[in-house]
Amino acid sequence: MLTRLLPAVIVGALLSTTAYAQSSDVSGEITLSAYSGVFQDKYTEAVIKPFQAKYPNVKVNYYASDASSKMLGSLRSQASDPQTDVILFDVSTSLIGDKEDLLAPLTVQDVPNLADLVPQAIVKQGYGPAVTFDNLVLTYNKDVIKEAPTSLQVLWDKAYAGKLAVTSMPSILGTGLMVMTSAMLGEDYTKSVKQSAAKLAELAPSVQTFDPKPDSYTLVLNGTDVLGTGWNARAQFYADRSNGKLGVMLPKEGTILQINTINLVKGSKNPAAAKAFINYALSPEAQAAFTEAMYYAPVNSKAKVSSKAAARTVAGQLDKTLPLDWGWAATKSDEWNQIWKRQIISAGK
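A quick note: this is a predicted structure, and the numbers were derived from the prediction, not measured.

Draft legend 1. Representation of the overall build of the protein within the structure. The number of helices and strands found in the protein is 12 helices and 10 strands. Relative to the globule expectation of 20 Å for 349 residues, the C-alpha radius of gyration of the protein, 21 Å, shows essentially globular dimensions. Projected onto the principal axes, the alpha-carbon positions of the protein cover approximately 65 × 40 × 40 Å. Across the 349 residues of the protein, 54% fall into the buried class. Intrachain contacts of the protein at a sequence separation of at least 6 include 75% that bridge at least 24 residues. Put simply, the protein shows about 15,100 Å² of open surface, and 52% of that area lies on carbon and sulfur atoms.

Draft legend 2. Quick peek at the packing of aromatic side chains. Under the definition given, this model contains 15 aromatic pairs. Seen in terms of ring centroids, phenylalanine 210 and tryptophan 340 are 6.1 Å apart; in terms of plane orientation they differ by 80°. Their pairing is edge-to-face. Residue phenylalanine 210 is located in the loop between β7 (207–209) and α7 (216–221), and its partner tryptophan 340 is located in helix α12 (residues 326–344); the two are separated by 130 residues in the primary sequence. We note that phenylalanine 210, like tryptophan 340, is buried.

Draft legend 3. View of empty space enclosed by the protein. Applying the stated criterion to the full structure yields two cavities of 30 Å³ or more. As a volume, the second largest cavity reaches approximately 40 Å³. Around the second largest cavity sit Ser33, Tyr63, Met71, Ser74, Leu75, Gln78, Thr84 and Ile87, which together line it. Within the lining of the second largest cavity, the residues separate by chemical class into four nonpolar, four polar and no charged.

Draft legend 4. Here's a closer look at the packing of helix α5 (residues 172–185) against α12. One can describe the packing of α5 onto α12 by two numbers: an axis separation of 10 Å at closest approach and a directional angle of 90°. On the basis of the axis angle, α5 is roughly perpendicular to α12. Mapping the contact onto sequence places Ile172, Gly174, Thr175, Leu177, Met178 and Val179 in α5 and Trp326, Ala329, Trp336, Ile339, Trp340 and Ile344 in α12. Per-class residue counts for the contact of α5 with α12 are 10 nonpolar, two polar and no charged.

Draft legend 5. Geometry of the pattern of salt bridges. Following the criterion strictly, the structure yields 13 salt bridges and no others. A salt bridge links aspartate 81 to lysine 269; the shortest N-O distance between them is 2.8 Å. Of the two residues, aspartate 81 is situated in the loop between α3 (68–77) and β3 (86–90) and lysine 269 in the loop between β10 (257–265) and α9 (271–281); the sequence distance between them amounts to 188 residues. Residue class for aspartate 81 comes out partly exposed when judged on its relative accessible area of 41%. Take lysine 269: its relative accessible area is 54%, and that puts it in the exposed class. Of the charged contacts, one joins aspartate 116 and lysine 302 as a salt bridge, the two residues approaching to 3.6 Å between their closest N and O atoms. On the criterion of sequence distance, the pair formed by aspartate 116 in the loop between β4 (103–104) and β5 (130–141) and lysine 302 in the loop between α10 (284–294) and α11 (307–310) is long-range, its members being 186 residues apart.

Draft legend 6. Representation of the environment of lysine 302 in the model. For the pair lysine 302 and glycine 128, spaced 174 residues apart in the sequence, the C-alpha separation amounts to 19 Å. Ignoring anything within four residues of it in the chain, the contact list for lysine 302 reads Asp116 and Pro284.

Draft legend 7. Representation of the packing of helix α2 (residues 38–54) against α9 within the structure. Running from N to C, α2 and α9 point in directions that differ by 125°, and their axes come no closer than 10 Å. Taken together, the axes of α2 and α9 are oblique relative to one another. Considering how the two elements wind past one another, α2 and α9 form a crossing that is right-handed. Along its contact with α2, which presents Tyr43, Val47, Ile48, Pro50, Phe51 and Lys54, the element α9 presents Ala273, Ala276, Phe277, Tyr280 and Ala281. Of the residues that constitute the contact of α2 with α9, the class distribution is 10 nonpolar, no polar and one charged.

Draft legend 8. Structural view of the environment of valine 179. Mapped onto the secondary structure, valine 179 falls in helix α5. Along the backbone, valine 179 and serine 192 are 13 residues apart, and their C-alpha atoms lie at a distance of 10 Å. In contact with valine 179, other than residues within four places in its own chain, are Tyr189, Ile256, Leu322, Leu324 and Trp336.

Draft legend 9. Structural detail: the layout of surface pockets. Quantified by volume, the largest pocket comes out at close to 1,200 Å³. Forming the boundary of the largest pocket are 37 residues, of which Asp66, Ala67, Ser171, Leu173 and Trp231 lie nearest the centre. Elements with a contribution of two residues or more to the lining of the largest pocket: α3, α4 (91–99), α5, α7, β8 (227–231), α8 (232–241) and β10. Of the residues forming the lining of the largest pocket, the biggest block, four residues, is contributed by α3. Here the second largest pocket is characterised by a volume of approximately 250 Å³. Gln120, Ile259, Leu324, Asp325 and Trp326 are the residues nearest the centre of the second largest pocket, which is lined by 14 residues in total.

Calculation notes
- Residues numbered from 1 in each chain as written.
- Predicted model: local features only at pLDDT ≥ 70, side-chain atom pairs only at ≥ 80, totals over all residues.
- Heavy atoms only, no water.
- Helix = DSSP H or I, 4+ residues; strand = E, 2+ residues; numbered from the N terminus.
- Rg over C-alpha atoms; globule rule 2.2 N^0.38 Å.
- Buried < 20%, exposed > 50% of the residue type's maximum accessible area, 1.4 Å probe, protein only.
- Contact = heavy atoms within 4.5 Å.
- Areas by Shrake-Rupley, 256 points an atom, 1.4 Å probe, with all protein chains shown as cover.
- Phe/Tyr/Trp six-rings, centres within 6.5 Å; stacked < 30°, edge-to-face > 60°.
- 1 Å grid on protein atoms, 1.4 Å probe; cavity = no way out; pocket = protein on both sides within 12 Å on 5 of 7 lines; lining within 4 Å.
- Points joined across faces, edges and corners; volume = space filled by probe spheres on them.
- Nonpolar A, V, L, I, M, F, W, Y, C, P; charged D, E, K, R; others polar.
- Axes fitted to C-alpha atoms, helices over the stretch in contact; angles between N-to-C directions.
- Parallel < 35°, antiparallel > 145°, perpendicular 65-115°, else oblique.
- Salt bridge = Lys/Arg side-chain N within 4 Å of Asp/Glu carboxyl O.
- Left-handed = near helix turned anticlockwise from the far one by under 90°.

Given below as structure tokens:
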């Protein structure tokens, strides 16, 4: 990066010049492709509206999708004539986008807030960084489970047999559970998942559904199930809506980070406005606002988050995250998906 090569004074001047250009001269429209549902609602209020207030000459059009794979498909179909400028999707998908040359490089001169991101936010040097940190948790119905569990082992408690909502692969929730089960067993998942696959196969007869519909949070809340796997941010949202009926637990064995990245689309028709938006999305104020709104942990080291919100994210517990290279995990996806189908899910039938 240029920040490593130039004296600090020169870098500071370059960054301030870039920031001035962004605040003074940027105009036009951009299209942001990102998640639908509650994510869209919260992100619009916490990030997009404040950005447009700061950059009144820029209009942000939100193109909503319910899956990263669908957003990648749209990028591929539009490669010769991109209709999207900025895309926000999960890290494994963004690495595919980088590899297929669908996403454009970013530098600290384009996006000054890159300089303040925590190390875990840099996914691929020079490309779109993490914009949110989420983590895998267990959810439980407090009306049934009175004492808060602390361990992943609770999934194997026979008292809850037939009342589990466990999301399997190809969802990355399944990938994460495989890694966390390996950690619980002391297995090195990078060498073998034989032990974790066998342990999850033991769990299968107790699982009511491996494909929770509408979602595991709702099934646990309405009593169809009493334990489920899910993502912290959405679990915390549902916990609030349930007036505390839904419990959220980060297992003592550790968790895995689910990373969403923010990326500049190659061939963007308004790259200046797109870079301005990416820079704002990574700013301390935007990061803090979205953490307060939806409990994604911030990626900017300067974000000031209330102690209440911080306690409900993995922000202060990054030491409890298990090392997982999502780029490497992508190379194991087909193999692990077959393990889930043939060895784990089939064991419950």
